[in-house]
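Below are the chains, spelled out letter by letter.
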Amino acid sequence: MSEAASHVVILGAGHAGGTAAALLRQYGHAGPITLVGEEPIPPYQRPPLSKAWLKGEADADSLALKPLEFYAEHGIDFRPSIAGLSINRGAKSVALSDGSSIGYDVLILATGARAIALPIPGADLDGVMFLRTAADAETLKATVGPGKRLAVVGGGYIGLEVAASGRALGAEVVVLEREPRLLARVACETLSTFFKAYHEQHGVGFELGATAAAFEGADGKVSGVRLADGWVIPCDAVVVGVGAAPNDEIARDCGLETTRGVVVDLDARTSDPAIFAIGDVAHRPMPIYDRMFRMESVPNALEGAKQAASAIAGRPQPAGEVPWQWSDQYDLKLQIAGYAFDVDEVLVRGDPATAKFAVFHLRGDKVQSVEAINSPPEFMMGKQLILGRRPVDKARLADAAVSMKEVAL
Ligand code: FAD
């Protein structure tokens, strides 16, 4: 159904919301578009906040998805520093934090996710930080530098990227992880072992199986992390990187179906046909795995924006996709395609000692996912194998002397 002349209100001016606004215009949507965002700046990319930008290798302007003028030039009413507070589905309006309310024909929820806080003593001390927004990144960048001691709580991708950037800035870095290995929720053991060793070579210390019990401080400022066993790790700053939670309360409160995110269909439409949800906040179907889940990645934000904009502009649904994401640490480029659901075999192609290898996760003779370190062909062809659901010859796949093109034939 075309909703071509309707007023589209987008709540959340992040990667997904900003992209949806631009795509709607690109796809010919003629009606008004209002982009409402809690943050004071136009939509920007978050990945550099823990990587190039944090290390000082990218300027602030390079973060923006589009220059500020783009929105006015394309008839997009961008309203910064305003949060949506509640949705009245009957009246089709959203109450805003500036006291006004805005009516919509179509509403897109693109409210993203927020960093999870640790409910432990000292969490409000100065120097205990998160990394979700450009403002967070500014604070972190101003704190970390030569001779500073940085403790990173959480050995996931963002924690490890902050650790790598912290080292590049000359800080002493220690990563505390509750699980016995790094990346325990998101990557295989081979990768955990590899990343730990690589970071250690770059001077990062690790405490695995270590639960942060409190932040200690003096004069309101953090001075250490106390572990559950009583041991205190001294530090000048802490970054808490223990995951993100979807900003889905506004959807739940107005009765939309939610489950760890806002439930949507392949058009990104929620249980209310006039409301879409995209990006980190959406819990969406992934046909190649025949299941639904919530993802936190830029490609996922772009895909959701495409789905919603296509449905609103009356275009066909985008083609099938393979979810993917990446992480940059030091000179390592990790690219991950797919998810390792129901895997019964893991094959390593190449030698981790060379920092150029790939880990393939298989179910029977089909590739479910690939984690590729400095190996673009493995990532690209792996993606195609996942999408095509074609059987592979495992011996050839595991043999780095056989090109990925030949493996895929
Ligand atoms: P966001 O970009 O978070 O945008 C949501 C926006 O909505 C925010 O501006 C928020 O303030 C606003 N908002 C929330 N509630 C309201 C409300 N009620 N009213 C108005 N506005 C509201 N992904 C990758 O694929 N690769 C990477 O290497 C990578 N690195 C990352 C590094 C960091 C430090 C972070 C934080 C994320 C990284 N990601 C990475 C994840 C990626 O950035 C997110 O998946 C992506 O930004 C999600 O887009 P989004 O629009 O759904 O959410």
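Up top you'll find the structure we're talking about.
Residues numbered from 1 in each chain as written. Predicted model: local features only at pLDDT ≥ 70, side-chain atom pairs only at ≥ 80, totals over all residues. Heavy atoms only, no water.

1. Examining the environment of L107
- With respect to the helices, strands and loops of the structure, L107 is situated in strand β7 (residues 106–109).
- Taking C-alpha positions, L107 is 8.9 Å from S93, a pair spaced 14 residues apart along the chain.
- Excluding residues that lie within four positions of it along the chain, L107 makes contacts with V9, L11, I87, V94, A274, I275 and F276. (Helix = DSSP H or I, 4+ residues; strand = E, 2+ residues; numbered from the N terminus. Contact = heavy atoms within 4.5 Å.)

2. Remarks on helix α4 (residues 157–168)
- Between its first and last C-alpha, α4 extends 17 Å over 12 residues, near the 16 Å set by a 1.5 Å rise per residue.
- With 9 of 12 residues buried, α4 is to be regarded as a mostly interior element.
- Residues of α4 that are buried include every one of Y157, G159, L160, E161, V162, A163, A164, S165 and G166, and no others.
- Backbone geometry just downstream of α4 places G170 in the positive-phi region, at approximately 90°. (Expected span 1.5 Å × (residues − 1). Buried < 20%, exposed > 50% of the residue type's maximum accessible area, 1.4 Å probe, protein only.)

3. Some details on the pattern of salt bridges
- Evaluated as defined, the whole model comprises 19 salt bridges.
- A salt bridge links E216 to R226, with the nearest nitrogen and oxygen atoms 2.7 Å apart. Taken together, the residues span a long stretch of sequence, with E216 in strand β13 (residues 212–218) and R226 in strand β14 (residues 221–227) at a distance of 10 residues.
- When its relative accessible area of 29% is taken as the criterion, E216 is described as partly exposed.
- Here R294 makes a salt bridge to E296, at a shortest N to O gap of 2.7 Å. (Salt bridge = Lys/Arg side-chain N within 4 Å of Asp/Glu carboxyl O.)

4. Quick notes on the sheet that holds β13
- Pairing is antiparallel in the open sheet, where 3 strands are placed in the order β13-β14-β15. Every other strand in the sheet has two partners, leaving β13 and β15 (232–234) as the edge strands with one partner each. Adjacent strand axes in the sheet meet at a mean angle of 30°, parallel and antiparallel pairs treated alike.
- In this sheet, β14 lies alongside β13 in antiparallel orientation, the contact comprising 6 bridges. Opposite A218, over in β14, you have K221 as the bridge partner. (Pairing = 2+ DSSP bridges. Axes fitted to C-alpha atoms, helices over the stretch in contact; angles between N-to-C directions.)

5. Some remarks on the site of the ligand
- In the vicinity of the ligand there are 33 residues, among which A16, E39, K51, R132 and D280 approach most closely.
- The contact in question runs from an oxygen atom of the ligand to an N or O atom on the backbone of V298, over 2.9 Å.
- Burial of the ligand by the protein amounts to 93% of the accessible area it has alone, namely 1,000 Å².
- When contributions to the shell around the ligand are tallied by element, the ones reaching two or more residues are α1 (15–26), α7 (298–313) and β22 (324–329). (Near = heavy atom within 4 Å. Polar contact = N/O pair within 3.5 Å; in protein donor to acceptor, adjacent residues only side chain to side chain. Areas by Shrake-Rupley, 256 points an atom, 1.4 Å probe, with all protein chains shown as cover.)

6. Thoughts on the sheet that holds strand β21 (residues 291–294)
- What the 3 strands build is an open sheet, ordered β18-β20-β21; its pairing is mixed. At either end of the open sheet lies a strand with only one pairing partner, and these are β18 (262–263) and β21.
- The pairing of β18 with strand β20 (residues 282–286) spans 2 bridges and is parallel. Bridge pairing in β20 places V262 opposite A282.

7. Comments concerning helix α3 (residues 134–143)
- All buried positions along α3 are accounted for by A134, A137 and L140. End-on, the buried residues of α3 take up no more than an arc of 115°, which puts them together on one face.
- Elements in contact with the buried residues of α3: β9 (128–129), α4 and β16 (237–240). (Arc of directions from axis to C-beta.)

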